[in-house]
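Structural description and commentary
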Amino acid sequence: MQIIQAPMAGAQDKRLTIAVCQAGGIGSLPAALLSTEKLSEQIKQIQQAVGDALFNVNFFAHHPPQVSILQEQEWFNLLKPYLEQYHISIDDIPKSGGRNPFDEEALAVIQALKPPIVSFHFGLPNDDLLQAVKATGAKIWSSATTVKEARYLASKGVDAIIAQGLEAGGHRGMFLSPLAEQMGTFALLPNIIKAVKCPVIAAGGISDRQTVRVAEQLGASAVQVGTAFLLAEEANITVHHRDALQSEAAEHTVITNLFTGGYARGICTQFMQENGLVNDKVLPFPLAGNAIKILKEKAEKEGKFDFSSLWAGQNARLAKVGTAADIMKRLQGEK
């Protein structure tokens, strides 16, 4: 069973991608937080290190939202006590920026460097961009959180669909279906396999050999693993995040929109407890992240992690520390 390392923006760079490829898996590089210069540099370093091995470059495909003055006011009113606590002015918070969707500049990098796999989260880019990526020879993957989304992706001619179950840590890839319609991995997987003809990759809650085996038995062509690789020595998460993943707190992960405006699963923090896991005053993805990033930086300097996104899947407690190679062996049942 092929093991794919999930792309995890903010938690890794090319080092983890390379380590997974060298251990026999398919490593992934998240591009959402990288400038085109950094993206190009890291892809070149991966190619030099792994040769002909398959690797994946992942992009977000969201549509940047437009928000009203009222929406901004409601969001800043919610954040007001925290902004005051850390002496942050509203003028200090960018109005745009943050996580970038796939665009012409990113396409130029793909056309120049031709990575073997290009994947998308939150749907797909427009048809012109998508066809241009296909023309490079790259295999196209994208995430589906429901059968409806999978059918849409199949209609666009993707080469594989990542069935992202509700157990998955980090951002939900949902783009056509509401949160209420999301399914667990081992319910979603066979339903998507039944609905489409292309290969289906299982993602969400897969953290050890047993869960890999179940996905295989249900017909998955491969599995994508995220949370287990957060504990790899080659990942870039903080010591606090590493400790949280190995604590009892990781037994009760929750979905929230407070950190970026997008639904994502992680370990609960005091900020989440005080404001509700899902709050309708939060700016839409990715705009909420502009203020949270500043709060996070200020708080972490004081040793506080209320605004730190401790992303984790529901089976985080099955994961163990080690090198990426160690984790690959455990997933394959060799260790």
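Residues numbered from 1 in each chain as written. Predicted model: local features only at pLDDT ≥ 70, side-chain atom pairs only at ≥ 80, totals over all residues. Heavy atoms only, no water.

1. A word on the packing of helix 2 (residues 36-50) against helix 4 (residues 104-113)
Where helix 2 contacts helix 4, the axes come no closer than 10 Å and their chain directions differ by 25°. It follows from the interaxial angle that helix 2 and helix 4 lie roughly parallel. In the packing of helix 2 onto helix 4, the handedness of the crossing is right-handed. On the side of helix 2, the interface is formed by Thr-36, Leu-39, Ser-40, Ile-43, Lys-44 and Gln-47, while helix 4 contributes Glu-105, Ala-106, Val-109 and Leu-113. (Axes fitted to C-alpha atoms, helices over the stretch in contact; angles between N-to-C directions. Helix = DSSP H or I, 4+ residues; strand = E, 2+ residues; numbered from the N terminus. Parallel < 35°, antiparallel > 145°, perpendicular 65-115°, else oblique. Left-handed = near helix turned anticlockwise from the far one by under 90°. Contact = heavy atoms within 4.5 Å.)

2. Some details on the nonpolar core
Formed by 71 residues in total, the largest nonpolar core has its most connected members in Phe-59, Phe-102, Phe-120, Val-133, Ile-161, Ile-192 and Phe-229. Dropping the residues within four chain positions of it, Val-133 is found in contact with Phe-102, Leu-107, Ile-110, Val-118, Phe-120, Ala-138 and Ile-140. Counting residues in hydrophobic clusters, the runner-up holds 26 residues, among them Val-254, Phe-259, Ala-264 and Val-282. (Core = buried A, V, L, I, M, F, W, Y, C linked by side-chain atoms within 4.5 Å. Buried < 20%, exposed > 50% of the residue type's maximum accessible area, 1.4 Å probe, protein only.)

3. Concerning the pattern of salt bridges
A complete count under the given rule lists six salt bridges for this structure. We note a salt bridge from Glu-72 to Lys-95, for which the minimum N-O separation is 3.4 Å. Here Lys-95 lies in the loop between helix 3 (69-85) and helix 4 and Glu-72 lies in helix 3, a separation of 23 residues in the sequence. Overall, the relative accessible area of 19% leaves Glu-72 in the buried class. On the accessibility criterion, Lys-95 (54% relative accessible area) is exposed. With a shortest N-O distance of 3.4 Å, Arg-317 and Glu-251 are connected by a salt bridge. You can see Arg-317 sitting in the loop between helix 12 (288-301) and helix 13 (324-331) and its partner Glu-251 sitting in the loop between helix 10 (239-245) and strand 10 (253-256), a full 66 residues away along the chain. (Salt bridge = Lys/Arg side-chain N within 4 Å of Asp/Glu carboxyl O.)

4. With respect to the packing of aromatic side chains
Evaluation of the coordinates by the stated rule reveals 13 aromatic pairs. Residues Phe-59 and Phe-102 carry aromatic rings whose centres are separated by 4.7 Å and whose planes lie at 70° to one another, so their mutual orientation is edge-to-face. On the criterion of sequence distance, the pair formed by Phe-59 in strand 3 (residues 55-60) and Phe-102 in the loop between helix 3 and helix 4 is long-range, its members being 43 residues apart. Grouping residues by exposure puts Phe-59 and Phe-102 together as buried. Ring centres of Phe-271 and Phe-307 lie 4.9 Å apart, and the angle between their planes is 50°; on these two criteria the pair is classed as tilted. (Phe/Tyr/Trp six-rings, centres within 6.5 Å; stacked < 30°, edge-to-face > 60°.)

5. Details of the pairing of strand 8 (residues 200-203)
With burial as the criterion, each face of strand 8 is covered, one bearing Val-200 and Ala-202 and the other bearing Ile-201 and Ala-203. Relative to strand 9 (residues 222-225), strand 8 is paired through three bridges, and the arrangement is parallel. What sits directly across from Ala-203, in strand 9, is Gln-224. For the segment spanning strand 8, helix 8 (residues 209-217) and strand 9, crossover handedness is right-handed. (Pairing = 2+ DSSP bridges. Right-handed = clockwise from strand over helix to strand, strands pointing away.)

6. Section: the sheet that holds strand 7 (residues 170-171)
An order of 7-11-10 is seen for the three strands of this open sheet, with the pairing classed as antiparallel. Of all the strands in the sheet, just strand 7 and strand 10 have a single pairing partner and so form its edges. Direction of pairing for strand 7 relative to strand 11 (residues 264-267): antiparallel, over a ladder of two bridges. Bridge assignment links Gly-170 to a residue of strand 11, and that residue is Arg-265.

7. Description of the environment of Leu-79
Along the chain, Leu-79 falls in helix 3. Given the relative accessible area of 0%, Leu-79 is considered buried. As a C-alpha pair, Leu-79 and Phe-271 span 192 residues in sequence and 9.9 Å in three-dimensional space.

None of this, on its own, says anything about what the molecule does.
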